[in-house]
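Structural overview
In case you want the letters, here they are:
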Amino acid sequence: MQHRILATRKIGGRAVSAIGLGGMPMSIEGRPDRDRSIATIHAAVDAGVTFIDTADAYHLHADEVGHNEELIAEALRSYGGDTSGVLVATKGGHLRPGDGSWTKDGRPEYLKEAAKASAKRLGVEAIGLYQFHRPDPDVPYGDSVGAIRDLLDEGVIEMAGISNANPDQIREANDILGGRLVSVQNQFSPRFRSSLPELELCAELGIAFLPWSPLGGISLARSGALGTEYSAFLEVAEAHGVSPFQVTLAWELALAPVVVPIPGASRPASITDSAAAAELRLTADEVARLSAA
Ligand SMILES: NC(=O)c1ccc[n+]([C@@H]2O[C@H](COP(=O)([O-])OP(=O)(O)OC[C@H]3O[C@@H](n4cnc5c(N)ncnc54)[C@H](OP(=O)(O)O)[C@@H]3O)[C@@H](O)[C@H]2O)c1
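What counts, and where the lines are drawn
- Residues numbered from 1 in each chain as written.
- Predicted model: local features only at pLDDT ≥ 70, side-chain atom pairs only at ≥ 80, totals over all residues.
- Heavy atoms only, no water.
- Helix = DSSP H or I, 4+ residues; strand = E, 2+ residues; numbered from the N terminus.
- Buried < 20%, exposed > 50% of the residue type's maximum accessible area, 1.4 Å probe, protein only.
- Pairing = 2+ DSSP bridges.
- Arc of directions from axis to C-beta.
- Contact = heavy atoms within 4.5 Å.
- Polar contact = N/O pair within 3.5 Å; in protein donor to acceptor, adjacent residues only side chain to side chain.
- Phe/Tyr/Trp six-rings, centres within 6.5 Å; stacked < 30°, edge-to-face > 60°.
- Near = heavy atom within 4 Å.
- Nonpolar A, V, L, I, M, F, W, Y, C, P; charged D, E, K, R; others polar.
- Salt bridge = Lys/Arg side-chain N within 4 Å of Asp/Glu carboxyl O.

Observations regarding unusual backbone geometry
- Phi at Asn-164 takes a positive value of approximately 55 degrees, unusual for a residue other than glycine.
- For Asn-164, the location among the structural elements is in the loop between β9 (160-163) and α5 (167-176).

Looking at the pairing of strand β8 (residues 129-132)
- Burial along β8 is two-sided: Leu-129 and Gln-131 and Tyr-130 and Phe-132, pointing in opposite directions, are all buried.
- When strand β5 (residues 87-92) meets β8, the two strands line up parallel, connected through four bridges. In the sheet register, Ala-89 faces β8, and the bridge partner there is Leu-129.
- Here β8 pairs with β9 via three bridges, running parallel. Bridged to Tyr-130 within β9 is Ala-160.

Side note on helix α12 (residues 284-292)
- Of all the residues in α12, the buried ones are Glu-286, Val-287 and Leu-290. An end-on view of α12 places all buried positions within 100 degrees of arc, on one side of the element. Counted as exposed and oriented over 90 degrees from the buried face of α12: Ala-284, Asp-285 and Ala-292.
- Residues of α12 that are buried make contact with α9 (231-240) and α10 (244-255).

Quick notes on the environment of His-59
- Mapped onto the elements, His-59 comes out in the loop between β4 (51-53) and α2 (67-78).
- In this structure, the C-alpha to C-alpha distance between His-59 and Arg-4, residues 55 residues apart in sequence, is 30 Å.
- A polar side-chain atom of His-59 sits 2.7 Å from the main-chain carbonyl oxygen of His-61.

What about the packing of aromatic side chains?
- A full pass over the atoms with the stated rule returns six aromatic pairs.
- For the pair Phe-132 and Tyr-141, a centre-to-centre distance of 5.9 Å together with 40 degrees between the ring planes defines the contact as tilted. A single burial state applies to Phe-132 and to Tyr-141, both of which are buried.
- Here the aromatic rings of Tyr-230 and Phe-233 are separated by 6.3 Å at their centres, their planes lie at 80 degrees, and the arrangement is edge-to-face.
- On the basis of relative accessibility, which here comes to 16%, the residue Tyr-230 falls in the buried class.
- Chaining the aromatic ring pairs together yields one cluster made of Phe-188, Phe-209, Tyr-230, Phe-233 and Trp-251.

Things to note about the pairing of strand β2 (residues 14-17)
- Bridging between strand β1 (residues 8-11) and β2 involves four bridges; their strand directions are antiparallel. In the sheet register, Thr-8 faces β2, and the bridge partner there is Ser-17.
- Adjacent in sequence and paired antiparallel, β1 and β2 are bridged by two residues, among which Gly-12 carries a positive phi angle near 55 degrees.

Things to note about the site of the ligand
- By nearness alone, 31 residues border the ligand, and Asp-53, Ser-163, Ser-266, Arg-267 and Ser-270 come closest of all.
- Between an oxygen atom of the ligand and a side-chain N or O atom of Asn-164, the distance comes to 2.9 Å.
- One of the backbone nitrogen or oxygen atoms of Gly-264 is found 2.8 Å away from an oxygen atom of the ligand.
- Broken down by secondary-structure element, the contributors of at least two residues to the shell around the ligand are α7 (218-223) and α11 (268-275).
- For the shell around the ligand, the per-class residue count stands at 12 nonpolar, 13 polar and six charged.

A few points about the side chain of Ser-17
- Examined against the element boundaries, Ser-17 turns out to sit in strand β2.
- Owing to a relative accessible area of 1%, Ser-17 belongs among the buried residues under this scheme.
- At 2.7 Å, the side chain of Ser-17 and the backbone oxygen of Ile-19 are in polar contact.

Comments concerning the pattern of salt bridges
- Applying the stated criterion to the full structure yields 12 salt bridges.
- For Arg-34, the salt bridge goes to Asp-35, with nearest N and O atoms at 2.7 Å.
- The exposure class assigned to Arg-34 is partly exposed, which follows from its relative accessible area of 44%.
- In this structure Asp-35 comes out as exposed when scored by relative accessible area, which is 53%.
- Note that Arg-289 is salt-bridged to Glu-235, the shortest N-O span being 2.2 Å. Residue Arg-289 is found in helix α12, and its partner Glu-235 is found in helix α9; the two are separated by 54 residues along the sequence.
- In this structure, a network of salt bridges that share partners links the residues Arg-34, Asp-35 and Glu-74.

In structure tokens, the structure reads:
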């Protein structure tokens, strides 16, 4: 199948679609069956998405670590076309023991093993982008990031990113990585704007900023409350004849050229709609209005 071409942005040296796909809703609580997940990933590629975000911790039960990585690898293998241009980014450092909680392990030896296990599940020799999922308060941040640097140097990963980092951690990680930090993934949406300083720092440093839960998170997005909670987004959406989800993503894209939102999806229609935000142009007045909303 011939997929669409979307506007692109840069993550390190790679051009990727300006809108990515977040894989988490396909593997945690409320996940769909396997066939719908595969169809969702195929729909993303059909829509021109060439960036997919996952993590080894996107799973439900203790014995299925890497559930989401395996789904993505399987979907890319079974897509009836060329998927070599799709960058798959995964993460390590978070764990799910199976009781619904999320725990952390930022020990260098753990991260190195986790990355190798992720590469195996993804079926790649080197992981395109590997992100340290979340700082572990029991391990010095520099030690965890040092493991990511070693993985880069050893060729286990091609590019390095971090997630849930503050400005000091972004600068520290970039120093430890010798200027090779390519991405920062933090929570950012109309509802959660406190990562704006990190977004602005990334814009200054030329590092990709990947807003996670860019639609306010699975529950808010699925409830349809996005447009009612922030009526300006609904009004702008109506003016353009598009969904408030598209307007939200287009607003995030308009904040800086380094922004690449990764909306989650568990239905083909969700990512097909979200991907179209890469082509939606808002006026400067609209962006200012949404920023003030
Ligand atoms: N680094 C971290 O610590 C961290 C934490 C959380 C998330 N993430 C990453 O960020 C990604 C996105 O975050 P998220 O999944 O939590 O939340 P989100 O992207 O804010 O919302 C996801 C939900 O929005 C719905 N949706 C998406 N586009 C839609 C559209 N155009 N129309 C209608 N509904 C739409 C989907 O519903 P359906 O399920 O019905 O399709 C999906 O479940 C995750 O998948 C994950 O990759 C990272």
